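Survey of secondary and tertiary structure
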Amino acid sequence: MIYICGPNKTEVDINLPAGSKKNILFALSGGADSAILLYILARMNKEAETEHTFTLFTVPRPDGGANYSPAIAKWIGNKLEIELPEPMIIGNGNLPHQIVVKVVNKQLLDTNKYDVLYIAENKIPPTDIGGLAPIRAPKQTYERKSLPFWGVTKECTIDLYYQENVSELLGLTHSCTERVIGRCNMCFQCKERAWAFSQLNIVDPGSA
């Protein structure tokens, strides 16, 4: 499905795997991007009656994102009146991102138990917003991986909450990488989230 998002009317293409009864592996970080992607995929799955199953996982990073993932999954399940599992904890969050990805591939995706891995990683804003930006490696040909948000910046993913009428879900997400609870308003992720809302001219309803 094509969504038109943000002030620049950017296209975002979000689709379930082709066919039915696929095993979906989903990276639920506790942040805003992965929460809305999971909601959309789960809603699509219910409405299309494709009977895909979801396996959720989160990495225990120092920012405490893994503490937020279970509540996000539960909220989505209750909202859609479906069953979603509690996220598994896997990997070492102190390792660099690329190493964590390789560990996940080896321990989960390479077992062939799953048909596709969804990751909600997005594009760095095209302007200097302050803070140390994370290194997001150039997109390559990912076998059995789907990255719907790779070509869009965060204002597009935030806009999806309002298109889906689930802005309440934003209050359960956590973006800050310096505090386990609340925001420092200084790290790149805090600034990126603030920048996204400013682009939409919307007040952030979240508290984390």
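For the structure, check the block above.
The sections below set out a description of the structure shown in this document.

Cut-off values and rules
- Residues numbered from 1 in each chain as written.
- Predicted model: local features only at pLDDT ≥ 70, side-chain atom pairs only at ≥ 80, totals over all residues.
- Heavy atoms only, no water.
- Helix = DSSP H or I, 4+ residues; strand = E, 2+ residues; numbered from the N terminus.
- Rg over C-alpha atoms; globule rule 2.2 N^0.38 Å.
- Buried < 20%, exposed > 50% of the residue type's maximum accessible area, 1.4 Å probe, protein only.
- Contact = heavy atoms within 4.5 Å.
- Core = buried A, V, L, I, M, F, W, Y, C linked by side-chain atoms within 4.5 Å.
- Right-handed = clockwise from strand over helix to strand, strands pointing away.
- Pairing = 2+ DSSP bridges.
- Salt bridge = Lys/Arg side-chain N within 4 Å of Asp/Glu carboxyl O.

Right, let's get into the overall build of the chain. A count of helices and strands for the chain gives five helices and seven strands. Computed over its C-alpha atoms, the radius of gyration of the chain comes to 16 Å, within 12% of the 17 Å expected for a compact globule of 208 residues. For the chain, the C-alpha atoms occupy an extent of roughly 40 × 35 × 30 Å along the three principal directions. Counting over 208 residues, the chain shows a buried share of 51%.

Counted residue by residue, helix 4 (residues 154-163) has eight buried out of 10 residues, so it is predominantly covered. Turning to helix 4, the residues buried within the fold contact strand 1 (2-5), strand 2 (10-13), helix 1 (32-48) and helix 5 (188-200). Of the residues one or two after helix 4, Asn 165 is the one with positive phi, at around 60°.

Time to look at the nonpolar core. Counting 44 residues, the largest nonpolar core has Ile 14, Tyr 39, Ile 76 and Phe 149 as the members making the most contacts within it. Those elements that place two or more of their residues in this core are strand 1, strand 3 (23-27), helix 1, strand 4 (53-58), helix 2 (69-80), strand 6 (116-118), helix 4 and helix 5. Per element, the largest residue contribution to this core is 10 residues, and it comes from helix 1. With sequence-adjacent residues up to four places away left out, Ile 14 is seen in contact with Met 1, Tyr 3, Leu 37, Ile 40, Leu 41, Met 44, Pro 148, Phe 149 and Leu 160. Counting residues in each nonpolar core, the second largest holds 14 residues, with Val 100, Val 104, Leu 109 and Trp 150 among its members.

A few words now on the pairing of strand 4. Of all the six residues making up strand 4, five are buried; the element is thus mostly covered by neighbouring parts of the structure. Each parallel crossover has a hand, and the one from strand 3 via helix 1 to strand 4 is right-handed. The pairing of strand 4 with strand 5 (residues 88-89) spans two bridges and is parallel. Residue pairing in the sheet places Thr 58 in a bridge with Ile 89 of strand 5. In terms of handedness, the path from strand 4 via helix 2 over to strand 5 forms a crossover that is right-handed.

Looking now at the pattern of salt bridges. Summed over the entire model, instances satisfying the criterion amount to six salt bridges. The shortest N-O distance in the salt bridge between Lys 154 and Asp 33 comes to 2.8 Å. Of this pair, Lys 154 sits in helix 4 while Asp 33 sits in helix 1, and the two are 121 residues apart along the sequence. On the basis of relative accessible area, Lys 154 is assigned to the buried category, the value being 5%. By relative accessible area, Asp 33 is classed as buried at 8%.

Below, the discussion takes up the environment of Ser 198. Inspection of the secondary structure assignment puts Ser 198 in helix 5. For Ser 198, a relative accessible area of 47% gives the class partly exposed. Placed 26 residues apart in sequence, Ser 198 and Leu 172 show a C-alpha to C-alpha distance of 20 Å.

Function cannot be read off these values alone, since they describe shape.
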